[in-house]
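Spelled out from the first residue to the last, the chains are:
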There are 4 protein chains.
Amino acid sequence: MKTASLIISCQDLKGIIFQITAFLYDLGANVINLEQHIEDGRFFMRIEWDLEHFQLNKTEFEQRFAQIADKYEMESILDFAKPDKHITLFCSRELHCLLDIINRTQIGELDAKIAFVASNFADAEPLVKRFEIPFFHVPNGVDQETQLLEILQQYDVECIGLARYMKILSEDFLQKCNVPVINVHHSFLPSFIGAKPYDDAYDRGVKIIGATSHYVTKELDQGQIIEQETLRVTHGDSIKEFKTMGRKCEKEVFAIALKKQLENKIIVYKNRAIIFA
Amino acid sequence: MKTASLIISCQDLKGIIFQITAFLYDLGANVINLEQHIEDGRFFMRIEWDLEHFQLNKTEFEQRFAQIADKYEMESILDFAKPDKHITLFCSRELHCLLDIINRTQIGELDAKIAFVASNFADAEPLVKRFEIPFFHVPNGVDQETQLLEILQQYDVECIGLARYMKILSEDFLQKCNVPVINVHHSFLPSFIGAKPYDDAYDRGVKIIGATSHYVTKELDQGQIIEQETLRVTHGDSIKEFKTMGRKCEKEVFAIALKKQLENKIIVYKNRAIIFA
Amino acid sequence: MKTASLIISCQDLKGIIFQITAFLYDLGANVINLEQHIEDGRFFMRIEWDLEHFQLNKTEFEQRFAQIADKYEMESILDFAKPDKHITLFCSRELHCLLDIINRTQIGELDAKIAFVASNFADAEPLVKRFEIPFFHVPNGVDQETQLLEILQQYDVECIGLARYMKILSEDFLQKCNVPVINVHHSFLPSFIGAKPYDDAYDRGVKIIGATSHYVTKELDQGQIIEQETLRVTHGDSIKEFKTMGRKCEKEVFAIALKKQLENKIIVYKNRAIIFA
Amino acid sequence: MKTASLIISCQDLKGIIFQITAFLYDLGANVINLEQHIEDGRFFMRIEWDLEHFQLNKTEFEQRFAQIADKYEMESILDFAKPDKHITLFCSRELHCLLDIINRTQIGELDAKIAFVASNFADAEPLVKRFEIPFFHVPNGVDQETQLLEILQQYDVECIGLARYMKILSEDFLQKCNVPVINVHHSFLPSFIGAKPYDDAYDRGVKIIGATSHYVTKELDQGQIIEQETLRVTHGDSIKEFKTMGRKCEKEVFAIALKKQLENKIIVYKNRAIIFA
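Everything quoted here is computed from the prediction, not taken from an experiment.

The rules behind these values
- Residues numbered from 1 in each chain as written.
- Chains lettered and ligands numbered in written order.
- Predicted model: local features only at pLDDT ≥ 70, side-chain atom pairs only at ≥ 80, totals over all residues.
- Heavy atoms only, no water.
- Helix = DSSP H or I, 4+ residues; strand = E, 2+ residues; numbered from the N terminus.
- Buried < 20%, exposed > 50% of the residue type's maximum accessible area, 1.4 Å probe, protein only.
- Contact = heavy atoms within 4.5 Å.
- Pairing = 2+ DSSP bridges.
- Axes fitted to C-alpha atoms, helices over the stretch in contact; angles between N-to-C directions.
- pLDDT = per-residue confidence, 0-100.
- Least-squares fit on C-alpha atoms with pLDDT ≥ 70 in both.
- Buried area = accessible area lost by both parts, 1.4 Å probe.
- Salt bridge = Lys/Arg side-chain N within 4 Å of Asp/Glu carboxyl O.
- Polar contact = N/O pair within 3.5 Å; in protein donor to acceptor, adjacent residues only side chain to side chain.
- Nonpolar A, V, L, I, M, F, W, Y, C, P; charged D, E, K, R; others polar.
- Patch = residues over 30% accessible without salt bridge, like charges linked within 9 Å, V, L, I, M, F, W, Y side chains within 5 Å.
- Areas by Shrake-Rupley, 256 points an atom, 1.4 Å probe, with all protein chains shown as cover.
- Phe/Tyr/Trp six-rings, centres within 6.5 Å; stacked < 30°, edge-to-face > 60°.
- Core = buried A, V, L, I, M, F, W, Y, C linked by side-chain atoms within 4.5 Å.
- Right-handed = clockwise from strand over helix to strand, strands pointing away.
- 1 Å grid on protein atoms, 1.4 Å probe; cavity = no way out; pocket = protein on both sides within 12 Å on 5 of 7 lines; lining within 4 Å.
- Points joined across faces, edges and corners; volume = space filled by probe spheres on them.
- Parallel < 35°, antiparallel > 145°, perpendicular 65-115°, else oblique.
- Left-handed = near helix turned anticlockwise from the far one by under 90°.

## Overview of the environment of C:Ala29
Residue position: C:Ala29 is located in the loop between α1 (16–26) and β2 (30–39). By relative accessible area, which is 3% here, C:Ala29 ends up buried. Spatially, the C-alpha atoms of C:Ala29 and C:Phe54 are 5.4 Å apart, while their sequence positions differ by 25 residues. Contacts of C:Ala29, omitting those with residues within four sequence positions, involve C:Leu24, C:Trp49, C:Phe54 and D:Lys14.

In structure tokens form, the structure reads like this:
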């Protein structure tokens, strides 16, 4: 089934659901999913409808919808059955998240194509090439981000996934790349910001470790959280075991974040991410 | 905030959300929650609205809504800001679920009053009386269910919670009591039906145990599942430890089921319970 | 079965398990549990044995064991089948943890007697008195800790449990009370230190909340972690719902911490708590 | 660090830990891990020691240990630092577990070499060949098991992992293959035995699904459980979503089971698997 989805947010007023469902009904839409949320006097909704028998194409829809959007001063994100979405993954030397996403695309679990992989190290190259995915080794250095931006210009990607890419991206890069950047951090944020969260977790003696996927913003590890997962550890587990066990959480939260992004199921409000089901 | 909630189910047709939100909008309702679900070509929705500035009382609403309900051949469940809901709990000799629900009502976590407690044993009496809740000892015997029905007639309860009541209720009782009966079973159903699930779980060598709250139907442990919870065990945990650890799950799933029931958030379809958020 | 348990820690050397098991074997002990852990070149062990047919009483055992302990410069904690352990609980206005522990003692799940309850508010008094437990209202003020210490002197308690006691205990109090103090904090530490962790968690947009039981040390929320538990939330859950949902974790981690403490299953090393099974 | 590990089981008698630790101490062993378990009057223990400065090789150790083993009528499993363990994986058309294990061997998380992959379908061939792993397509048919046994004879594998191999192995095959066979079943056993557990789980309306890794025995889905994992679902998740979400559990329990097997951390007793940490 080909579907379109629309996420909106605006001031919470009486009758908004009615207005939008009436608008879609008049255009022949069969709504197959509607989810709403109210927070802080603001209204958020995601609505998805079957495109069969729907009377408008994307451009026509945007024009017609603009009237409602303007009236209510809505922000909106539209996804109109775009097929064949492309993403890119940046990695360093820890390759489990990268390999996991490759696997999920191989078996069709993640409905996306990996346009290319970039890394500040060469380690991943043989693995990536096994899958005939273009690989770019872009070592650390002054023109690293410039090179990455040039590569990005050759491809049309929906988002950048940082698959344990251990290099901080500058605010300048984040603006210029012009797509969402999603990171996986190997702790349950906001605990253990920084480069060695498993070591820090061990030293603090926690009984639960975890991982977090989040948008990358200019402040390190402060972006909106998309997904988190935790697992139990004991005093008997070493830092090395934390790292091995934690991969399970890292892989899962990263894959879920990319999937939600590609399915147009996220809208950001303040420092929170609203994640539709 | 005083609110009303309406759960409906009907054949899935275009425009139903629009029709109902339009109907409520015209009556001055401010929708604060709307959740829908489609399954098997059937449409389910729960909608909740603020009663401030709403123009109808319950009877008026029922009359007006009947027109839509008839048109779409809807089933519906309406909860119109009923204050002060009463429940009853039946128990036997294991008292943790009973005590847990008493606590939750004491601190206002469960917004209900326990009208009375009935048990086929006398054990619970001193504990129940500490809280000035009427207690009825109704021993096992031929007229046990008749006695229970007579006690029920003296009270106006929304539902019966079986807080580890180890006695099977007859189909006749279930019909005559005329309210939903919610049980907590000490396994993750459908595993380990019957009276000794922890023993059975131990013998099978499972690594996870759990508990299930469900509606009581005429077939033992076969009613619609409302909530489940599991927890990890190891080979080192004895049957006795299973029983102690498992209480955590039992208490939680039972409390959640009663809360969902009292908040009008459950509709049953076939052998499945749709649980609104 | 009456048992004794001994926790030791010392430098990790060859033959320590052999030495201790040989020592116990010679005295007729039947070991029913042995658990060891090595960390940082340091050896930790808990050993538990059946006291039936054991040849020594507590004093005799301490004298004989001193020879081994001295030889290896061991720290040790001995629990020699002490019956009828007493604890005290301090609380403020949130009573779910207090009520939960009372329940667990009522049904024998926690093998302890609550000697008394103290609070800086009077709210808990009627509930506590239902169970004939002495209650002391010790309002905030200059001599509050002095009063608490005086009450403590009248009772012989194994530990103090802070059941959501919202008042910081001074370093002076912690030294003078002379028993371990166990707190429950309503976040998964080290995230969200301070008085309003659920508000902070909401603002940060986390997808998982939790609770932590830990020893109270002079630095706020920095003591050794005994147990943690987490649960999933969504953007749809309000701060109020965080507070309600979180109680589940708070009750559980607090009860487990008290149980482990009373069963002599904790030894502290640096900022970590080693928790035996 | 090169280590040896020994699992023993025998009647529970006084002094066994002492006897074995004394025996190892006399041979110069530094014990780095000891875990014991008592059940049903039977004693189980796993002991692991550093082989540096250890005085015996494997054959010598077996000879010397035989005296103790005979005296106590012990069963034992010895793993004497065997490097480079080989396994094989059988699969059908669902490839996520296969790919996941390949990944874990690629990054060194699972310390094993995949000797070959066999399948009753050809689907996996291109993926497997990317990693230069021999692939055998052995279609369903009368001589299928004979062919599999012939292939097995060419390799020296420690165990067979059934990575969603949807074909029942005969009792005859299980005897002749002469190594443990570990399966992953896509439900939390004993619920939902058979070929379509996700469909069955959906129809039953469960709120939790899961996966189980277990030894394959002659009775379908009845072997000793090694690991289980569960995850929450809602009424809104379809059977298709169950299948996608469930992969997470399947991959994890299967990987853990293979790891435990290769690390000599499992001993079977009756219908239960004792899993050392």
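## Description of the sheet that holds strand β5 (residues 86–91) of chain D
All names here are of chain D. A sheet is described by the order of its strands in space; here seven strands give the open sequence β7-β6-β5-β8-β9-β10-β11, paired in mixed fashion. Edge positions in the sheet fall to β7 (135–137) and β11 (225–232), since each of these pairs with one other strand and no more. Pairwise comparison of adjacent strand axes, ignoring direction, gives a mean angle of 15° for this sheet. In this structure, strand β8 (residues 159–162) lies alongside strand β9 (residues 181–185), joined through three bridges in parallel fashion.

## Quick look at the confidence of the model for chain A
Here chain A shows a mean pLDDT of 96. Residues at 70 or above account for 100%. Across the whole predicted complex the pTM is 0.96, and at the interface the ipTM reaches 0.95.

## As for the relation of the copies chain D and chain B
Once chain D has been moved 0.0 Å along the axis and rotated by 180°, it coincides with chain B to within an RMSD of 0.0 Å. Viewed as a symmetry operation, the transformation between the two copies matches a two-fold axis. Proximity to the rotation axis, assessed at the C-alpha, singles out D:Ser191 in chain D; its C-alpha lies 2.5 Å from the axis. The overlap is high: 97% of the interface residues of chain D also sit at the interface in chain B, so the same surface is used on both sides.

## Things to note about the interface of chain C and chain B
Counting from both sides, the interface comprises 19 residues of chain C and, opposite them, 19 residues of chain B. Both sides together, the interface formed by chain C and chain B hides about 1700 Å², and carbon and sulfur atoms give 50% of it. In terms of surface lost to chain B, no three residues of chain C exceed C:Ile107, C:Arg130 and C:Lys248, which account for 31% of the buried area on that side. We note a salt bridge from C:Arg247 to B:Glu109, for which the minimum N-O separation is 2.6 Å. Where chain C packs against chain B, one counts nine residue pairs in polar contact (both at pLDDT 80 or more). Residue assignment for the side of chain C that touches chain B shows that the elements contributing at least two residues are α3 (96–106), α4 (125–130) and α8 (239–262) of chain C. If you tally residues by element for the side of chain C that touches chain B, the top one is α3(C), at six residues. Taken together, the residues of the side of chain C that touches chain B sort by class into five nonpolar, four polar and 10 charged.

## Focus: a nonpolar patch on the surface
Residues and elements named next belong to chain A. A surface patch of nonpolar side chains, about 270 Å² in accessible area, is lined by Ile-168, Ile-193 and Leu-220. Assignment of secondary structure puts Ile-193 in the loop between β9 (181–185) and α7 (197–204). Judged by relative accessible area, which is 36%, Ile-193 ranks as partly exposed.

## Things to note about the packing of aromatic side chains
Across all of its chains, the model carries 74 aromatic pairs over all chains by this definition. With a centroid separation of 4.8 Å and 35° between ring planes, the pair formed by A:Phe116 and A:Tyr155 is classed as tilted. In this pair, A:Phe116 sits in strand β6 (residues 113–119) while A:Tyr155 sits in the loop between α5 (144–154) and β8 (159–163), placing the two residues 39 residues apart along the sequence. Given the relative accessible area of 0%, A:Phe116 is considered buried. Between the aromatic rings of C:Trp49 and C:Phe61, the centroid separation amounts to 5.3 Å while the plane-to-plane angle is 35°, which identifies the pairing as tilted. One end of the pair, C:Trp49, is in strand β3 (residues 42–50); the other, C:Phe61, is in helix α2 (residues 58–71), with 12 residues separating them in the sequence. Note on C:Trp49: relative accessible area 0%, which makes it buried.

## Quick look at the side chain of A:His37
Position of A:His37 relative to the elements: it lies in strand β2 (residues 30–39). Looking at A:His37, its side chain comes within polar contact range of the side chain of A:Glu39, at 2.7 Å. Ignoring anything within four residues of it in the chain, the contact list for A:His37 reads A:Arg42, A:Phe43, A:Phe44, A:Ile274, C:His235 and C:Gly236.

## Points about the relation of the copies chain C and chain B
Least-squares fitting of chain C to chain B yields an RMSD of 0.0 Å, with the transformation described by 0.0 Å of translation along the axis and a rotation of 180°. By residue overlap, the copies meet face to face through one surface: 100% of the interface positions of chain C are interface positions in chain B.

## Quick notes on the nonpolar core
Judged by nonpolar contacts, the single largest core of 98 residues is most densely connected at B:Leu98 and C:Leu98. C:Leu98 has contacts with C:Leu89, C:Cys91, C:Val117, C:Ala124, C:Val128 and C:Ala163, leaving out every residue within four places of it along the chain. By size, the runner-up hydrophobic cluster in this structure holds 94 residues, among which are A:Ala163, A:Phe254, A:Ala255 and D:Cys97.

## Comments concerning the pairing of β9(D)
Residue and element names in this part refer to chain D. With five of its five residues buried, β9 lies for the most part within the structure. Judged by which residues are buried, β9 turns out to be covered on both faces: Val-181, Asn-183 and His-185 on one side and Ile-182 and Val-184 on the other are all buried. Each parallel crossover has a hand, and the one from β8 via helix α6 (residues 171–177) to β9 is right-handed. Note: β9 against strand β10 (residues 208–215), four bridges, orientation antiparallel. Opposite Asn-183, over in β10, you have His-214 as the bridge partner.

## Here's the deal with the layout of surface pockets
All names here are of chain B. Of the voids in this model, the second largest pocket is the one considered here, and its volume is about 500 Å³. Ile-77, Glu-158, Pro-180, Gln-261 and Asn-264 are the residues nearest the centre of the second largest pocket, which is lined by 22 residues in total. Among the elements of the structure, β4 (75–80), α8 (239–262) and β12 (266–269) are those that each provide at least two residues to the lining of the second largest pocket. When residues in the lining of the second largest pocket are grouped by element, the largest group, four residues, is from β4.

## Topic: the packing of helix α3 (residues 96–106) of chain A against helix α8 (residues 239–262) of chain A
Relative placement of two packed helices is described by the angle separating their axes and the distance separating the axes. All names here are of chain A. Where α3 contacts α8, the two axes come as close as 9 Å, and the packing angle between them is 50°. As judged from the angle between their axes, α3 and α8 are oblique. In terms of crossing hand, the pair formed by α3 and α8 is right-handed. In contact with His-96, Cys-97, Asp-100, Ile-101 and Arg-104 of α3, α8 contributes Arg-247, Glu-250, Lys-251, Glu-252, Phe-254, Ala-255 and Leu-258.

## Description of helix α7 (residues 197–204) of chain B
Residues spaced three or four apart along an α-helix point in a common direction, a consequence of the helix completing one turn every 3.6 residues. Where burial is concerned, most of α7(B) is hidden: six out of the eight residues are buried. For α7(B), the complete set of buried residues consists of B:Pro197, B:Tyr198, B:Asp199, B:Ala201, B:Tyr202 and B:Arg204. Tucked into the core, α7(B) has its buried residues touching β9 (181–185), β10 (208–215) and α8 of chain B together with β2 (30–39), β11 and β13 (272–275) of chain D. Positive phi shows up at B:Gly205, right after α7(B), with a value of about 70°.

## Quick word on the sheet that holds β8(A)
Residues and elements named next belong to chain A. What the seven strands build is an open sheet, ordered β7-β6-β5-β8-β9-β10-β11; its pairing is mixed. With one partner strand each, in any of the chains shown, β7 (135–137) and β11 (225–232) form the two edges of the open sheet. With direction set aside, neighbouring strand axes in the sheet form an average angle of 15°. Running over the sheet, α5 touches β5 (86–91), β6, β7 and β8 and is turned about 165° from β6. Sheet contacts for α8: β5, β8, β9, β10 (208–215) and β11; angle to β11, the most-contacted strand, approximately 155°.

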